[in-house]
Structure formats: C-alpha cells, structure tokens
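# Secondary and tertiary structure notes
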Amino acid sequence: MNSTRSDQAYAVPPARRQGALALVLMLLSLCCAADCSTAHAQSPLKIIFIDVEGGQSTLFITPTHQSLLVDTGWAGNDNRDADRIVKAAHDAGLTKLDYVLITHYHADHVGGVSQLAAKIPIGTFIDHGPNREHDAAIDRDYATYLQLIATMHATRITPKPGDKVPIPGLDATVVSSDGVLMDHALPGAGQPNRFCATPDPRPHDETENARSLGIYISYGPLRILDLGDLTADKEQVLTCPNNLIGRIDILAVSHHGWDHSSSPAFIDGIHPRVAIMDNGEHKGGSTSVLKTIESSPSIESFWQLHYSAEAGAANTPEKYIANPQGTDAGYAITIEAQSDGQFAVVNTRTGLTQHYR
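What follows concerns the environment of E206. Mapped onto the elements of the fold, E206 is located in the loop between β9 (180-181) and β10 (214-219). Residue E206 is classed as exposed on the basis of its relative accessible area of 54%. When the C-alpha positions of E206 and G179 are compared, they lie 8.9 Å apart, and in sequence the two are 27 residues distant. At 3.1 Å, the side chain of E206 forms a polar contact with the side chain of H204.

Now for the layout of surface pockets. Reported here for the largest pocket is a volume of approximately 320 Å³. For the largest pocket, the lining is made up of 16 residues, of which I48, K87, A88, D91 and A332 are closest to its centre. Of all the secondary-structure elements, those providing two or more residues to the lining of the largest pocket are β1 (45-49), α3 (80-91) and β16 (333-337). Looking at the lining of the largest pocket, its residues break down into seven nonpolar, two polar and seven charged.

What follows covers the state of the cysteines. Applying the stated rule across the entire model yields one disulfide. There is a disulfide in this structure between C196 and C240, and the S-S distance comes to 1.8 Å. Looking along the S-S bond of the C196-C240 disulfide, the torsion reads about -85°, which is the left-handed sense. Here the residue C196 occupies a position in the loop between β9 and β10, and C240 occupies one in the loop between α7 (232-239) and β12 (250-252), the gap between them amounting to 44 residues.

The subject of this paragraph is the sheet that holds β16. Remark on secondary structure: sheet strands pair via backbone hydrogen bonds, oriented parallel or antiparallel. Pairing within the open sheet is mixed, and its nine strands lie in the order β6-β5-β4-β3-β2-β1-β16-β17-β18. Only two strands of the sheet have a single partner each, and these edge strands are β6 (155-157) and β18 (353-356). Strand-to-strand twist in this sheet, taken as the mean axis angle between neighbours without regard to direction, amounts to 20°. Examined bridge by bridge, β1 and β16 share five bridges and lie antiparallel to one another.

Glancing now at the pairing of strand β8 (residues 171-177). Of all seven residues making up β8, six are buried, and the element is well covered by its neighbours. Bridge count for strand β7 (residues 164-165) against β8 is two bridges, and the pairing is antiparallel. Residue pairing across strands places V165 opposite A172, the latter belonging to β8. Where β7 folds back onto β8 in an antiparallel hairpin, the turn is made up of five residues, including G169, whose phi is positive at roughly 95°. Taking the residues between adjacent antiparallel strands as the criterion, β8 and β9 are bridged by two residues, where D178 takes a positive phi near 55°.

We now examine the confidence of the model for the protein. On average, residues of the protein score 90 in pLDDT, and 88% of them are at 70 or above. Scored below 50 in pLDDT, residues 30-41 shows four contacts in the model against residues more than four places distant or in partner chains.

Residue position: E53 is located in the loop between β1 and β2 (58-61). According to the relative accessible area criterion, E53 is buried, its value standing at 16%. In terms of polar contacts, E53 uses its side chain to reach the side chain of R84, at 2.9 Å. Reaching out from E53, the side chain makes a polar contact with the side chain of H306 at a distance of 3.1 Å. Beyond its immediate stretch of four places on either side in the chain, E53 contacts W74, R80, R84, G280, H306, D328 and G330.

A word on the side chain of T292. Within the secondary structure layout, T292 lies in helix α9 (residues 287-294). Ignoring any residue separated from it by four or fewer positions in sequence, one finds T292 in contact with S262, S263, P264 and I267.

For α7, a buried count of seven out of eight residues is recorded, marking the element as mostly surrounded by other parts of the structure. Here α7 has its buried residues at A232, D233, K234, E235, Q236, L238 and T239. The inward-facing, buried residues of α7 contact β8, β9 and α8 (264-270).

Calculation criteria
- Residues numbered from 1 in each chain as written.
- Predicted model: local features only at pLDDT ≥ 70, side-chain atom pairs only at ≥ 80, totals over all residues.
- Heavy atoms only, no water.
- Helix = DSSP H or I, 4+ residues; strand = E, 2+ residues; numbered from the N terminus.
- Buried < 20%, exposed > 50% of the residue type's maximum accessible area, 1.4 Å probe, protein only.
- Polar contact = N/O pair within 3.5 Å; in protein donor to acceptor, adjacent residues only side chain to side chain.
- 1 Å grid on protein atoms, 1.4 Å probe; cavity = no way out; pocket = protein on both sides within 12 Å on 5 of 7 lines; lining within 4 Å.
- Points joined across faces, edges and corners; volume = space filled by probe spheres on them.
- Nonpolar A, V, L, I, M, F, W, Y, C, P; charged D, E, K, R; others polar.
- Disulfide = S-S within 2.5 Å.
- Pairing = 2+ DSSP bridges.
- Axes fitted to C-alpha atoms, helices over the stretch in contact; angles between N-to-C directions.
- pLDDT = per-residue confidence, 0-100.
- Contact = heavy atoms within 4.5 Å.

Structure (structure tokens):
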C-alpha cells in the first residue's frame with residue numbers, strides 16, 4: 001500500500017514529461033547556439049593596415065591562423081617598418097608569415113623585405129614576375145629580393161590574372177599582374193558601368209605601378225579589393241564599359257590615394273562601402289581622390305592611416321584618421337570580419353570601433 005502511494009506520488013504525468021523534455025532540448029539548443037556564436041566571434045578574419053609611412057603593408061589572418069602579408073614597406077629607418085610588421089604579427093599570435101605578396105618592386109612596397117625576413121620566418125613569396133622598370137634603385141631592390149628568395153630556398157609563386165592565390169581560408173583571385181588584367185567578370189559582376197558615360201582619358205603608365213599584382217578577396221559575402229598601386233588607365237579597363245569587378249565592401253585605396261589612380265568611374269563603379277587609405281602625411285592623399293571617395297554614392301566611411309597635408313580641409317573627419325597631423329606613432333587601422341559579412345573597423349589610436357552589417 002505504501003509502495004503504491006509512493007509510486008503515485010513520484011510518477012510524472014506524460015504531458016509533464018514531454019514538457020520537461022522540450023525544455024531540456026530548448027536549453028541544449030540555446031547552449032549550442034551560444035557556443036557556436038562564441039566560437040564564431042572568436043575566429044574572425046583579421047586585417048591589419050600597418051602604418052609604414054606612405055608605403056604599404058597589410059596583414060590578413062584567417063580564422064585558422066593562416067597569414068598573408070601584402071607588401072613590406074620601406075627599408076632603412078632603423079628597421080621601423082619591419083619592427084611594426086613583426087609586432088603586428090606577434091600581437092596577433094603569429095610566429096611566422098605563411099605568404100608574403102609583393103605587389104610590385106618600388107621601394108615603399110618591397111624595400112623592407114630583407115629586414116622583415118631577418119626578424120620572422122616567411123613561407124612563400126608571391127609576385128608578378130620580373131621587374132619591368134629599370135633604374136638603379138629599383139634594380140637594386142629587385143636583385144635584393146631575388147637574392148633573399150635564393151638564400152632562403154623559399155617557394156615563389158607567380159600567378160596570372162584569374163588564378164587563385166592558394167591561401168587556406170581565403171578565396172583570393174588575381175585580377176591584375178605584370179600589366180595584364182583579368183579578361184572576364186567575377187561572379188555576379190559584368191554589368192555596364194553607368195559611371196563610364198563621361199570620358200576620362202588617363203595616360204598609359206609604363207612604370208612598375210601598372211604591373212601591380214592586385215587581388216580580390218571574398219570571405220563569405222564580404223568583398224575586399226587591393227590593387228596595390230595599379231594606375232587609372234588599368235583600373236578603367238577593369239570597370240569600363242562593363243564592371244568586371246562588381247561591388248566592393250572594403251577597398252584598400254590604390255596608390256596611397258594619389259591621383260594617378262582612383263578615377264571617379266572606377267570608384268563609383270565598384271561602389272565601396274568602406275575605403276582605407278595607406279597614405280603618409282606627405283605621400284599620397286591627393287585632394288581630388290579624397291573628394292572622389294567621399295562623394296561616392298555608396299561610401300559609408302573613409303579611413304586614413306595619416307592626415308594628408310595636401311588635402312587639408314578635404315581630409316576625412318579626424319576620428320577616422322589613425323595618425324593625425326604632425327605625428328609618426330605608427331597607429332594601425334584594423335578590421336575583424338565575420339563569415340556572414342558583418343565587420344568592424346577600429347582606429348587603434350582612439351579605440352573608435354565602427355560596425356558594418
């Protein structure tokens with residue numbers, strides 16, 4: 001009798017059991033979602049625009065910790081640029097650079113490669129092939145680069161337009177290399193560019209700038225474009241009369257914002273949401289380019305590594321400038337991007353963080 005009363009007292013009705021099971025499953029689902037969300041938040045694509053005083057050095061770090069460095073800044077300056085690159089890499093938890101891409105052989109892009117290699121291991125070099133512009137300084141820097149690769153017994157890749165750069169975790173397509181341009185539209189691109197209606201002839205460029213190895217990176221729905229110092233005559237072929245590139249979320253402004261690049265038809269055609277310019281106070285940052293970018297119908301914000309002395313009042317608001325007028329502190333601009341296309345841009349000088357959906 002007592003046993004029967006005990007069974008009745010502790011038995012759980014079927015409806016209550018089903019409700020409890022549903023609650024447990026819901027809690028497990030929420031925990032799993034929270035864990036997935038936490039893991040997702042902990043492993044974004046990171047991009048660091050390193051200040052090398054008017055040169056270029058941009059570090060990409062994938063969620064699986066593969067790394068791509070685009071250009072190495074200047075030589076000399078007591079190893080300033082190499083030290084800044086290595087610090088950025090170490091701060092991101094890197095002990096080596098898997099890939100170093102040299103867009104072209106001007107001193108502000110390849111000059112620091114030897115100093116950098118002396119401070120951190122490098123796996124593979126990527127470039128556009130032989131140097132095409134000959135003067136004493138460029139020939140010297142190119143010879144130094146070749147000697148470094150030979151001494152290190154490093155792997156060297158020379159991709160062609162349309163090729164993929166073999167970096168695990170990034171879908172990186174070469175759109176320009178050694179003066180040759182991609183001859184087909186990227187996925188979703190190829191539409192007529194209405195901004196080409198007004199003629200804007202640009203001189204043909206014979207320098208290494210026009211040979212720049214430019215890449216288009218897609219990360220989920222996010223689109224990133226870095227064309228090195230590609231000049232306006234080449235940019236226009238990529239976007240006029242049809243836009244072979246399509247729309248871009250994040251643009252590394254070509255040629256440090258000099259007016260040799262970034263024509264209105266190009267900028268308006270690729271429709272960037274965010275532009276980041278690796279200028280110096282007295283190098284790059286042409287007034288006409290700043291006005292072109294800031295007046296683009298798509299632009300949400302325009303970030304500069306430095307205040308531009310030339311541009312004066314045309315500079316972007318100071319909160320978007322990493323290194324204000326008269327400073328040389330080496331502050332970077334960083335990006336953290338999620339695979340769903342959301343990203344955040346940070347001014348490391350102020351901590352200002354702006355989110356983009």
